[in-house]
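Listed here are the chains, written in short residue letters.
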Amino acid sequence: MKNIILQYYKCFFSAGTPGTEEDFFEGIVPRITQAQNEFLLRPFELDEVKSALFAMFPDKAPGPDGMNSGFYQHIWDVVGGDVASFIINCVESCDFPPGLTETNIFLIPKKKTPEYVTDLRPIALSNVVYRVMAKMLANRMKPLMEGVISESQSAFIPDRLITDNILLAAEVGHFLNRKQCGVGGWSVLKLDMAKAYDRVEWPFLRRMMLALGFHAGWVELIMKCVTSVSYNIQAKAEEATEVKRCLSIYENLSGQAVNYHKSNICYSRNTSDEDRQIVAQILGVAHAPNYGKYLGLPSFIGRHKKAVFAYVEDKIRQRIGSWNKKLLSQAGKEILLKTVAQSMPTFSMSVFLLPVSVCTTIEMTMNRYWWDSGTDRRIHWKAWDNLCVPKKYGGLGFKDLRAFNLAMLGKQAWRMLTKSDSLVARVYKARYFPRGSFFDAQVGNNLSFYWRSIMAAKSIICGGVRRRIGNGESTFIWTHPWLRRDHDPMIQTEIPIQLKEAKVAGLIDQQTGVWDPSILIDLFQPSDVAEIVKIPISPEYNDTWY
């Protein structure tokens, strides 16, 4: 068995023969400026070493050196200076001593009885000093990543959410499902990358970084870190052939590989059977009625929503059923229910408005477990609603799942409102509110379940937001909440028809940068004028939501 595992990883981590298509790299526009390269190459400081170390979880498993980050954190006052000097010397000289980048591989079974090497999850355990070094470099690159990484990649980048991709994929699926007529059929190709983060070829990474404009010195430092580690869409034949060609070029250049066995393609209903067969055959993927789950959540939601979300109920019921009731006190049950059971549906709730029946069933399961002693079922002395009241008001502080669900969706609504330039916000704007902002959006017709879910939280968010006035150029006088009155932030004066679309900027004297009293007195009733003049103006800033 040892030989089989060793042979598998030798083949898996061996370098391939990456392609040499020069045109590919020549066509890449540099995105890193001279100033950004100077920022990357400035001398490293002791504080950078310390912040990288103390950002690590102290009890992570140790690497070949036998120590975890908690050891260095605990005695930083003693060894900090020496450790920092050693690390800074390594990165600035781009010279790593032997053994620094050695890494132990530990295999953890993915299931009870592993049958293949792929049933074992490899965990890399590296030396703490090397981890600190890598984290320092990552911290320097982090502010630059938003301008380098495509906006369709919504993980790992600050201010981007993985749920953005779920919403985008769901909206595409909704369109595909509703496309029933027309001459041209549509398709969605779902690709599964085989070990996406383990297969990147080093020459591809080096040339890509250089093409993006990174300084050669910084590229060499990054390559030293990664290479020195040792381990113990539309539905036609021509277009499908082009997609296949692009994927082959990408695989050849980068060393990445599409897992065609796990990939599939699904079509809009108006696509002919002949086209479906031809395209699927060219691409070498299976034909599926829909692309199923994406990032762990269902992409196609039909009318039978309770059946779609039954998996949430089942997971929670199985987890609660595995807890021994006899060995746990009420306090222990409370901790388990709050930290485990109530957190399990969080990911689903951040995208979907779960049916009331699903929330009720989950709460009934938790309520039953709370009062059950393991032998005879106890009397339910209080309803679940009372247990959801905060402790300071006499309850136990359990979550009201429906309210929690709306709060999680409120986060999506807030992002739609404040991050209007994000990819997901632009797609949903084009689809549902092309002529206005999210604040003015209506539910509309032919909408997806995902949009309906977000709109369920819109009234909560938009009922509590206000406009902070900067230059006033993006705030409507009569339809935006911008006054400082807590009870009613809207203008009370009747709207003149000809000024319905007027902006707050029109009330500001552009020469002095203050409110124009003559315009205010002419347009508004005294109570509104009194509120307006209390608002400070910042002409150098844009208006924002808060």
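Here, the structure is the one placed above.
So, here is what we can say about the structure in this document. Here the structure is a predicted model, which is why all the values come from computation and not from measurement. (Residues numbered from 1 in each chain as written. Predicted model: local features only at pLDDT ≥ 70, side-chain atom pairs only at ≥ 80, totals over all residues. Heavy atoms only, no water.)

As a further point, take the overall build of the protein chain. From N to C terminus, the protein chain includes 24 helices and twelve strands. With the principal axes as the frame, the protein chain shows a C-alpha extent of 85 × 75 × 70 Å. Counting all 546 residues of the protein chain, 41% fall into the buried class. Carbon and sulfur atoms make up 56% of the accessible area of the protein chain, which amounts to about 30,500 Å² in all. One finds the centroid of the 65 positive side-chain charges in the protein chain at a distance of 10 Å from the centroid of its 55 negative side-chain charges. (Helix = DSSP H or I, 4+ residues; strand = E, 2+ residues; numbered from the N terminus. Buried < 20%, exposed > 50% of the residue type's maximum accessible area, 1.4 Å probe, protein only. Areas by Shrake-Rupley, 256 points an atom, 1.4 Å probe, with all protein chains shown as cover. Lys, Arg positive; Asp, Glu negative; His and termini not counted. Charge placed at Lys NZ, Arg CZ, Asp CG, Glu CD.)

Given two aromatic rings, one states the distance between the centres and the angle between the planes to describe the pair. Scanning the entire structure with this criterion turns up 20 aromatic pairs. Centre to centre, the rings of Phe-24 and Phe-25 are 5.1 Å apart; their planes meet at 90°, and the pair counts as edge-to-face. Phe-24 gets classed as partly exposed once you look at its relative accessible area, which sits at 33%. Exposure remark for Phe-25: the relative accessible area of 9% places this residue in the buried category. Through successive ring pairs, a cluster of aromatic residues spans Tyr-428, Tyr-432, Phe-433, Phe-438 and Trp-451. Between Arg-140 and the ring centre of Phe-44, over which it is positioned, the NZ or CZ distance is 3.8 Å. The aromatic ring of Tyr-546 is capped on one face by Arg-468, whose charged end is 4.3 Å from the ring centroid. (Phe/Tyr/Trp six-rings, centres within 6.5 Å; stacked < 30°, edge-to-face > 60°. Lys NZ or Arg CZ within 6 Å of the ring centre and 35° of its normal.)

This next bit is on the sheet that holds strand β6 (residues 286-287). An order of β3-β5-β6 is seen for the three strands of this open sheet, with the pairing classed as mixed. Only two strands of the sheet have a single neighbouring strand rather than two, namely β3 (187-190) and β6. Pairing between strand β5 (residues 264-267) and β6: two bridges, direction parallel. In the sheet register, Asn-264 faces β6, and the bridge partner there is Ala-286. (Pairing = 2+ DSSP bridges.)

A few words on a nonpolar patch on the surface. Together, Ile-162, Leu-295 and Phe-347 line one region of the surface with nonpolar side chains, adding up to about 220 Å² of accessible area. Looking at the element boundaries, Phe-347 is found in helix α17 (residues 346-349). For Phe-347, a relative accessible area of 35% corresponds to the partly exposed category. (Patch = residues over 30% accessible without salt bridge, like charges linked within 9 Å, V, L, I, M, F, W, Y side chains within 5 Å. Salt bridge = Lys/Arg side-chain N within 4 Å of Asp/Glu carboxyl O.)

A few words on the packing of helix α16 (residues 330-341) against helix α18 (residues 356-371). Remark: α16 packs on α18, axes separated minimally by 10 Å, with the N-to-C direction vectors making an angle of 160°. On the basis of their axis angle, the class for α16 and α18 is roughly antiparallel. At the point where α16 passes α18, the crossing takes the right-handed sense. Residues Gln-330, Lys-333, Glu-334, Leu-336, Leu-337 and Ala-341 of α16 pack against Met-366, Tyr-369 and Trp-370 of α18. Along the lines of polarity and charge, the residues of the contact of α16 with α18 split into six nonpolar, one polar and two charged. (Axes fitted to C-alpha atoms, helices over the stretch in contact; angles between N-to-C directions. Parallel < 35°, antiparallel > 145°, perpendicular 65-115°, else oblique. Left-handed = near helix turned anticlockwise from the far one by under 90°. Contact = heavy atoms within 4.5 Å. Nonpolar A, V, L, I, M, F, W, Y, C, P; charged D, E, K, R; others polar.)

Once that is clear, we can look at the pattern of salt bridges. If you walk through the whole model with that rule in mind, you get 14 salt bridges. A salt bridge links Asp-164 to Arg-415; the nearest nitrogen and oxygen atoms lie 2.6 Å apart. With a relative accessible area of 6%, Asp-164 lands in the buried category. Using a relative accessible area of 12% as the deciding quantity, one classes Arg-415 as buried. The residue Arg-485 makes a salt bridge to Asp-528 at a minimum N-O spacing of 3.3 Å. With Arg-485 in the loop between β9 (467-468) and β10 (508-509) and Asp-528 in helix α24 (residues 526-532), this pair connects stretches of sequence that are 43 residues apart.

A separate point is the environment of Ala-124. Looking at where Ala-124 falls in the secondary structure, it is placed in strand β2 (residues 120-126). By relative accessible area, which is 47% here, Ala-124 ends up partly exposed. Taking the C-alpha atoms as reference points, Ala-124 and Thr-103, separated by 21 residues in sequence, lie 6.3 Å from one another.

Across all of its chains, the model carries zero disulfides by this definition. The structure places no disulfide on Cys-90, whose sulfur is separated from the nearest cysteine sulfur, that of Cys-225, by 9.6 Å. Considering cysteine sulfurs only, Cys-225 is the nearest to Cys-94, which forms no disulfide, with 7.5 Å between them. You can call Cys-94 partly exposed: its relative accessible area is 26%. (Disulfide = S-S within 2.5 Å.)

Our next topic: the packing of helix α9 (residues 162-178) against helix α21 (residues 423-432). Across the interface, α9 lies against α21 with an axial gap of 9 Å and an inter-helix angle of 30°. Comparing the axis directions of α9 and α21 gives the class roughly parallel. Note on packing geometry: the crossing formed by α9 with α21 is left-handed. For the pair formed by α9 and α21, the contact residues are Asp-164, Leu-167, Leu-168, Glu-171 and His-174 on the first element and Leu-423, Val-424, Val-427, Tyr-428, Arg-431 and Tyr-432 on the second. Grouping the constituent residues of the contact of α9 with α21 by class yields seven nonpolar, one polar and three charged.

Right, let's get into the side chain of Arg-415. Inspection of the secondary structure assignment puts Arg-415 in helix α20 (residues 401-418). Setting aside chain neighbours within four positions, we find Arg-415 in contact with Asp-159, Arg-160, Leu-161, Asp-164 and Ser-420.

Turning our eyes to something else, we now look at the nonpolar core. Residues Leu-337, Phe-352, Phe-438 and Trp-451 are the most contacted members of the largest nonpolar core, which totals 54 residues. Elements represented by at least two residues in this core include exactly α9, α15 (310-321), α16, α18, α19 (384-387), α20, α21 and α22 (449-462). (Core = buried A, V, L, I, M, F, W, Y, C linked by side-chain atoms within 4.5 Å.)

Once that is clear, we can look at the environment of Tyr-260. Examined against the element boundaries, Tyr-260 turns out to sit in the loop between α12 (237-254) and β5. With a relative accessible area of 18%, Tyr-260 lands in the buried category. As a C-alpha pair, Tyr-260 and Leu-423 span 163 residues in sequence and 27 Å in three-dimensional space. Setting aside its immediate chain neighbours within four residues, Tyr-260 contacts Lys-244, Leu-247, Glu-251, Leu-283, Gly-284 and Val-285.

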